[in-house]
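# Remarks on the overall topology
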Amino acid sequence: MRAAIRERLFVWFQYALPQHGLSRLTLAATRVRAPWFRNLLIRGFLALFPVDMSDAVETDPYRYASFNEFFTRALRTAARPIAAGAADIACPVDGRVSECGAIQGESLLQAKGRHYSLVELLAGRDWAAHFCGGSFATIYLAPFNYHRIHMPARGRLLDTVYVPGRLFSVNAATARGVPRLFARNERVLTLFEGDFGQFAVVLVGALNVGSMATVWAGDVTPAARRTLAHLPARDILLDKGAELGRFNMGSTVIVLFPPGRARWRPALAAGTSVRMGECLGELS
């Protein structure tokens, strides 16, 4: 009972917070290069979270120029083997599966007893209908996870859209307590054409996420104006496992496939820990 009350209070408290103001403050603080301040942040973070530096290109956390560079650190090439089968779906991030499965019409499962609209998630884009009845996987990145986002399949970029919104936390407690969480938070929509048809990768912002970036547009958030924006098209082809973007602080990724295309591996379920590059399922 006490845990349930604490969870509700945590969710309610977020409604009152100046979410975007706090996130901009986080952005500024994490990019300070003064050694005393940078090291203070890194030391405090390491005291709070079990960060594994052994896979990083630079294993000494205090040799990064800023907290953000430490947080978005690159990994050694061999640290995350990419699923090798031509039809394999590679996990785009390190994290934990929040939910996955079939999209029921245009309804996606957020948490037990909570659903949200595919059309709302994709801000009414005309290509949203392409994924009705398809498959989805939602993966939450904890603060200690690797925070670069990679391609789940080979694809050519078709569309990039910035969608303004709130910045609630995206942890399990908030997913249980905030209706339509992923369709309310700020997000970046990316659409690709792959060897097995179209697929989408949605980057969902969250409280204290200083910014979201893609490799072709740089920092997309924080936006100068919080209005729906279609980013200029770039003719870019990315291989499976190639870097797509990054979160400058933690958040959530949602991967979407059309009907009849994706088959998740049987062991994939809510709560499953995953690593970037591992096989999540197969395309057909």
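Notes on the structure follow. (Residues numbered from 1 in each chain as written. Predicted model: local features only at pLDDT ≥ 70, side-chain atom pairs only at ≥ 80, totals over all residues. Heavy atoms only, no water.)

## Some points on the layout of surface pockets
- Looking at the second largest pocket, its volume works out to about 330 Å³.
- For the lining of the second largest pocket, the elements supplying multiple residues, two or more each, are β2 (95-102), β3 (107-111), α6 (172-177) and β17 (273-274).
- The leading source of residues in the lining of the second largest pocket is β2, at five residues.
- The residue inventory of the lining of the second largest pocket, partitioned by class, reads nine nonpolar, six polar and four charged. (1 Å grid on protein atoms, 1.4 Å probe; cavity = no way out; pocket = protein on both sides within 12 Å on 5 of 7 lines; lining within 4 Å. Points joined across faces, edges and corners; volume = space filled by probe spheres on them. Helix = DSSP H or I, 4+ residues; strand = E, 2+ residues; numbered from the N terminus. Nonpolar A, V, L, I, M, F, W, Y, C, P; charged D, E, K, R; others polar.)

## Brief notes about the sheet that holds strand β1 (residues 88-90)
- The antiparallel open sheet is built from three strands, whose spatial order is β1-β18-β16. Lying at the two open borders of the sheet, with one neighbouring strand each, are β1 and β16 (262-264). Across the sheet, the mean angle from the axis of one strand to that of its neighbour is 35°, orientation sign disregarded.
- Both β16 and strand β18 (residues 279-283) contribute to a ladder of three bridges, which runs antiparallel. By the bridge assignment for β18, Arg263 is matched with Glu282. (Pairing = 2+ DSSP bridges. Axes fitted to C-alpha atoms, helices over the stretch in contact; angles between N-to-C directions.)

## Quick word on the nonpolar core
- Of all hydrophobic cores here, the largest spans 35 residues; its most connected members are Phe192, Leu203, Val253, Phe257 and Leu280.
- If we skip the residues at most four places from it in the chain, Leu203 touches Ile149, Glu186, Arg187, Val188, Met212, Ala213, Leu244, Phe247 and Thr252.
- Counting residues in hydrophobic clusters, the runner-up holds 28 residues, among them Leu108, Val163, Val170 and Leu181. (Core = buried A, V, L, I, M, F, W, Y, C linked by side-chain atoms within 4.5 Å. Buried < 20%, exposed > 50% of the residue type's maximum accessible area, 1.4 Å probe, protein only. Contact = heavy atoms within 4.5 Å.)

## Topic: helix α3 (residues 35-48)
- Given a rise of 1.5 Å per residue, 14 residues ought to cover 20 Å, and the 20 Å separating the end C-alpha atoms of α3 matches this to within 8%.
- For α3, the full list of buried residues reads Arg38, Asn39, Ile42 and Phe45. Each buried residue of α3 lies within a common arc of 125° when the element is viewed along its axis, so the set occupies one face. Pointing more than 90 degrees away from the buried face of α3 are the exposed residues Trp36, Ala47 and Leu48.
- Along its buried surface, α3 packs onto α4 (67-71). (Expected span 1.5 Å × (residues − 1). Arc of directions from axis to C-beta.)

## With respect to the sheet that holds strand β14 (residues 243-248)
- With antiparallel pairing, four strands are arranged side by side in an open sheet as β6-β14-β10-β11. The two strands at the open ends of the sheet, each matched to only one other strand, are β6 (148-150) and β11 (218-221). Across the sheet, the mean angle separating the axes of adjacent strands is 30° when strand polarity is ignored.

## Concerning the pairing of β2
- Bridge count for β2 against β17 is two bridges, and the pairing is antiparallel. The partner of Arg96 across the bridge, within β17, is Ser273.
- Sheet analysis places β2 next to strand β5 (residues 135-140), joined by six bridges and oriented antiparallel. What sits directly across from Arg96, in β5, is Tyr140.

## A few points about the pattern of salt bridges
- Per the counting criterion, the structure on display carries 16 salt bridges.
- Here Asp55 ties to Arg275 by a salt bridge, and the two come within 3.8 Å at their closest N and O atoms. Of this pair, Asp55 sits in the loop between α3 and α4 while Arg275 sits in the loop between β17 and β18, and the two are 220 residues apart along the sequence.
- What makes Asp55 buried here is its relative accessible area of 11%.
- Looking at Arg275, the relative accessible area reads 40%, which means it is partly exposed.
- The residue Arg180 makes a salt bridge to Glu120 at a minimum N-O spacing of 2.7 Å. Here Arg180, found in the loop between α6 and α7 (181-184), pairs with Glu120, found in helix α5 (residues 118-121); they are 60 residues apart in sequence, far enough to count as distant.
- Residues joined by salt bridges that share partners form a network here, namely Asp55, Arg76, Arg80, Asp94 and Arg275. (Salt bridge = Lys/Arg side-chain N within 4 Å of Asp/Glu carboxyl O.)

## Concerning the packing of aromatic side chains
- Per the stated rule, a full pass over the model turns up 14 aromatic pairs.
- Between Phe67 and Phe71 the ring centres are 6.0 Å apart and the planes differ by 25°, which places this aromatic pair in the stacked class. Here Phe67 and its partner Phe71 are both found in helix α4, four residues apart, which amounts to about one turn of the helix. Accessibility assignment for this pair places Phe67 and Phe71 in one class, buried.
- Look at Tyr116 and Phe182: their rings are 5.7 Å apart centre to centre, the planes differ by 70°, and that puts the pair in the edge-to-face class. Placement of Tyr116 in strand β4 (residues 114-117) and of Phe182 in helix α7 is noted, with a sequence separation of 66 residues between them.
- Of the residues examined, Phe182 reaches a relative accessible area of 1% and is grouped as buried.
- A network of ring pairs unites the aromatic residues Phe45, Phe49, Tyr64, Phe67, Phe70 and Phe71 as a single cluster.
- If you follow Arg73 out to its NZ or CZ, it ends over the ring of Phe70, 5.1 Å from the centre. (Phe/Tyr/Trp six-rings, centres within 6.5 Å; stacked < 30°, edge-to-face > 60°. Lys NZ or Arg CZ within 6 Å of the ring centre and 35° of its normal.)

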